[in-house]
Amino acid sequence: MAESVSKYPYRAPKKYPNKDLHGRVRFGYISYKDFKRFQKFWVDLFGWDMFELPEAAGGKEPGSDTPSVLIATGPSYETWEGVVPGHMNFQAAYAEGELEPVHYMMEIHMDEPVKCTADKVVQYGGAVVGEIPEEKEGWSTSLTVSDPDGNVLGLWRCPSSRTWDEAEAGYDKD
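Residues numbered from 1 in each chain as written. Predicted model: local features only at pLDDT ≥ 70, side-chain atom pairs only at ≥ 80, totals over all residues. Heavy atoms only, no water.

Asker: Got a minute to help me understand the side chain of Ser68 in this structure?
Answerer: Mapped onto the fold, Ser68 is located in the loop between β2 (49-52) and β3 (69-72). Those residues within four positions of Ser68 in sequence are excluded, and the remaining contacts are Glu52, Leu53, Gly58, Gly59, Lys60, Gln91, Ala92 and Ala93. (Helix = DSSP H or I, 4+ residues; strand = E, 2+ residues; numbered from the N terminus. Contact = heavy atoms within 4.5 Å.)

Take a look at the structure:
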């Protein structure tokens, strides 16, 4: 008989240690074709939060017929964090062509070069999709990878300017 998944060797239950959110799903991305239909589905059916993103945060001009929005399972705000721990945010944007598959952005170590994570992705059977980005001090960096089965994931490294003085969605609280 196979060993239980919950008894996977060397894997204790996940707890985010101080100053390391490596592996935490930060937000998801979903696209749409008809905004009003999309809005009714997520807000009216599921009761999710939805608000238009400011232009500077990946949004479009205010009042667009095809806005970029943040949708969330619970209270949220435009910095991609849920206000309540455990709630999930998604950025939603109009799809010019084909709908993109739903995907997630996960955090990676903020004290290591992105290339280190890219190398580990390959070491564990995944692949880097596209180029490894140039790193700039004080800027966030993202990398697209696939897991061994071909699922595409966005990986995001918080900039070194990230402050730990203010808790984010309860994850940083002791």
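Back to the text.
Asker: Can you walk me through the packing of aromatic side chains in this structure?
Answerer: Aromatic ring pairs are described here by two measures, namely the spacing of the ring centres and the angle between the planes. For the structure on display, the rule yields 10 aromatic pairs. When the ring of Tyr32 is compared with that of Phe35, the centres are 5.5 Å apart and the planes differ by 55°; the resulting orientation is tilted. A residue is classified by how much of its surface remains accessible, and Phe35, at 12% relative accessible area, is buried. One aromatic cluster is present, built from ring pairs that chain together Tyr32, Phe35, Phe38, Phe41, Trp42, Phe46, Trp48, Phe90, Tyr94 and Tyr104. (Phe/Tyr/Trp six-rings, centres within 6.5 Å; stacked < 30°, edge-to-face > 60°. Buried < 20%, exposed > 50% of the residue type's maximum accessible area, 1.4 Å probe, protein only.)

Asker: In this structure, what is going on with the pattern of salt bridges? I would like to understand it.
Answerer: With the rule as written, the count across this model stands at three salt bridges. For Glu112, the salt bridge identified is with Lys120, shortest N-O distance 3.6 Å. (Salt bridge = Lys/Arg side-chain N within 4 Å of Asp/Glu carboxyl O.)

Asker: Is there a simple way to explain the sheet that holds strand β1 (residues 25-32) in this structure?
Answerer: Sheets are built from strands that pair by backbone hydrogen bonding, the pairs being arranged parallel or antiparallel. The eight strands are arranged β2-β3-β4-β1-β5-β8-β7-β6 in an open sheet whose pairing can be described as mixed. Both edges of this open sheet fall to β2 and β6 (127-129), since each of them pairs with a single strand only. Looking at each pair of strands side by side, their axes are set apart by 30° on average, direction ignored. Pairing analysis gives four bridges linking β2 to β3, with the strands arranged antiparallel. (Pairing = 2+ DSSP bridges. Axes fitted to C-alpha atoms, helices over the stretch in contact; angles between N-to-C directions.)

Asker: How should a nonpolar patch on the surface be read in this particular structure?
Answerer: Side chains of Val25, Val102 and Tyr104 sit close together on the surface and give an oily, nonpolar patch of about 230 Å² of accessible area. For Val102, the position within the fold is in the loop between β4 (89-94) and β5 (103-107). Residue Val102 is classed as partly exposed on the basis of its relative accessible area, which comes to 44%. (Patch = residues over 30% accessible without salt bridge, like charges linked within 9 Å, V, L, I, M, F, W, Y side chains within 5 Å. Areas by Shrake-Rupley, 256 points an atom, 1.4 Å probe, with all protein chains shown as cover.)

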